[in-house]
Amino acid sequence: MQLSEIEKTLTPILSHFQSAYKELTDSSEVTILEEIAHHLLARQGKHLRPTLMLLSACCCGFPLTAKKDNPIFKIAAAIEALHNSTLLHDDVVDRSEMRRGSATINKLYNNKVAVLAGDYFLAKVMMAVNEVDNKKVTEIINNTVIEMSEGELLQQQYNSQFDIDESVYFDIIRKKTAVFIALSCQAGAIFSTDDDRRIAAAKEFGEALGMAFQIRDDILDYMPSSRSGKTQGNDLVEKRCTLPLILALRNSGANDRNDILQILNNETIDPTNMGKALAFVIENNGLLLASRVLSKYIDSALTSLEVFPDNKYRQMLQELAISLKEI
């Protein structure tokens, strides 16, 4: 299931979200903020989080005929603004110069401008949340921001440490990625049902889907660029220890394990040693074992959907989850 197919189905209400997002983020008289808002709008990706939010809402009975002043659209806009805030800050932390084929704000301006713009978008999120005044949504957004911040710091804490337990890795990706996807799905359910069981299931689905998204992305990092569309081995260059490497290290002999850790602990990894590291992961079944973990999270996501009505929106969520098995 392609996200574009979902967006086509949700067109009537996605247009309301887009209007709300533009209104939320394009309202400053400060020239530099106006320029940044326009730049971010021009490079917008697939609006994954608000799309999942609205799809989860429809799964629980939210109508495509909803009016544009429904508060769900303001929260969907806030969720996208929160996503942009985190990207602005991440680009500074990671010293990124490009994102989605465009220069990052820290590259176009400087780190200070990027951080302050990220803070501005975060303030816009809080403003929208306060205007809607839904206690459940306010609580989960606040908790999500806290956990995402913890995840970023946890990743920094373990950066350049390759000999880590997989429980640390799962904690990092849950906080950095999965809780935000969970927030999106849970918020959608909150706006369309009072059934606590379905609201909890939406959160469970989103978290499992988020874990699967990140694990799949980490597997693709070890694959040739022609197949993945990414720079092969970038996680190793950035000194990030992800699931394929963790499982390969656990599955290898002591001598091979020590040899590869010695290579990875060098300040830089030259092309020859990069080739050795990639081969090590493949030969010790790192990709195969990580793919099995990916499948378990996808199965968990599918199980969570069983409490929802059997409608086309639930089917879309199912197909989206299943599509992550394709690597």
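Coordinates for the structure precede this section.
Presented here is a report on the structure given in the accompanying data block.

Reading the values: rules and limits
Residues numbered from 1 in each chain as written. Predicted model: local features only at pLDDT ≥ 70, side-chain atom pairs only at ≥ 80, totals over all residues. Heavy atoms only, no water. Helix = DSSP H or I, 4+ residues; strand = E, 2+ residues; numbered from the N terminus. Rg over C-alpha atoms; globule rule 2.2 N^0.38 Å. Contact = heavy atoms within 4.5 Å. Lys, Arg positive; Asp, Glu negative; His and termini not counted. Charge placed at Lys NZ, Arg CZ, Asp CG, Glu CD. Core = buried A, V, L, I, M, F, W, Y, C linked by side-chain atoms within 4.5 Å. Buried < 20%, exposed > 50% of the residue type's maximum accessible area, 1.4 Å probe, protein only. Axes fitted to C-alpha atoms, helices over the stretch in contact; angles between N-to-C directions. Parallel < 35°, antiparallel > 145°, perpendicular 65-115°, else oblique. Left-handed = near helix turned anticlockwise from the far one by under 90°. Nonpolar A, V, L, I, M, F, W, Y, C, P; charged D, E, K, R; others polar. Phe/Tyr/Trp six-rings, centres within 6.5 Å; stacked < 30°, edge-to-face > 60°.

1. Notes on the overall build of the protein
Per the secondary structure count, the protein includes 17 helices and two strands. Rg of the C-alpha trace for the protein: 20 Å, near the compact-globule value of 20 Å for 327 residues, within the 12% margin. Referenced to the eigenvectors of the C-alpha coordinate spread, the extents of the protein come out at roughly 65 × 50 × 35 Å. Once local pairs closer than 6 in sequence are excluded, the contacts in the protein between residues at least 24 apart make up 76%. Within the protein, one finds 35 positive and 44 negative side-chain charges whose respective centroids are separated by 3 Å.

2. Some words on the nonpolar core
Within the largest apolar cluster, 111 residues are counted, with the highest numbers of intra-cluster contacts made by L10, F73, I75, I215, L236 and L245. Of all the elements, helix α9 (residues 166-190) adds the most residues to this core, at 14 residues. Filtering out sequence-adjacent residues up to four positions away, I215 remains in contact with Y169, F170, I173, L243, A290, V293, L294 and Y297.

3. Concerning the packing of α9 against helix α10 (residues 196-220)
Relative orientation of the contacting elements α9 and α10 amounts to 140 degrees, with a least axis distance of 7 Å. If you check the angle between α9 and α10, you find them oblique. In this structure, the crossing between α9 and α10 has a hand that is right-handed. Each residue belonging to the contact of α9 with α10 can be placed in one class, and the counts come to 15 nonpolar, five polar and five charged.

4. A few points about the packing of aromatic side chains
If you walk through the whole model with that rule in mind, you get five aromatic pairs. Relative to Y21, the ring of F17 lies with its centre 6.2 Å away and its plane at 35 degrees, an arrangement referred to as tilted. Of this pair, F17 and Y21 both sit in helix α2 (residues 11-25), four residues apart, which is roughly one turn of the helix. Accessibility classification places F17 together with Y21 in one group, the buried group. Ring centres 5.7 Å apart and planes at 75 degrees place the aromatic pair Y120 and F121 in the edge-to-face group. For the residue pair Y120 and F121, the accessibility class agrees, reading buried in each case.

5. Overview of the environment of A123
On the secondary structure map, A123 appears in helix α7 (residues 111-132). Judged by relative accessible area, which is 47%, A123 ranks as partly exposed. Considering only alpha carbons, one finds A123 and A81, 42 residues apart in sequence, at a separation of 9.5 Å.

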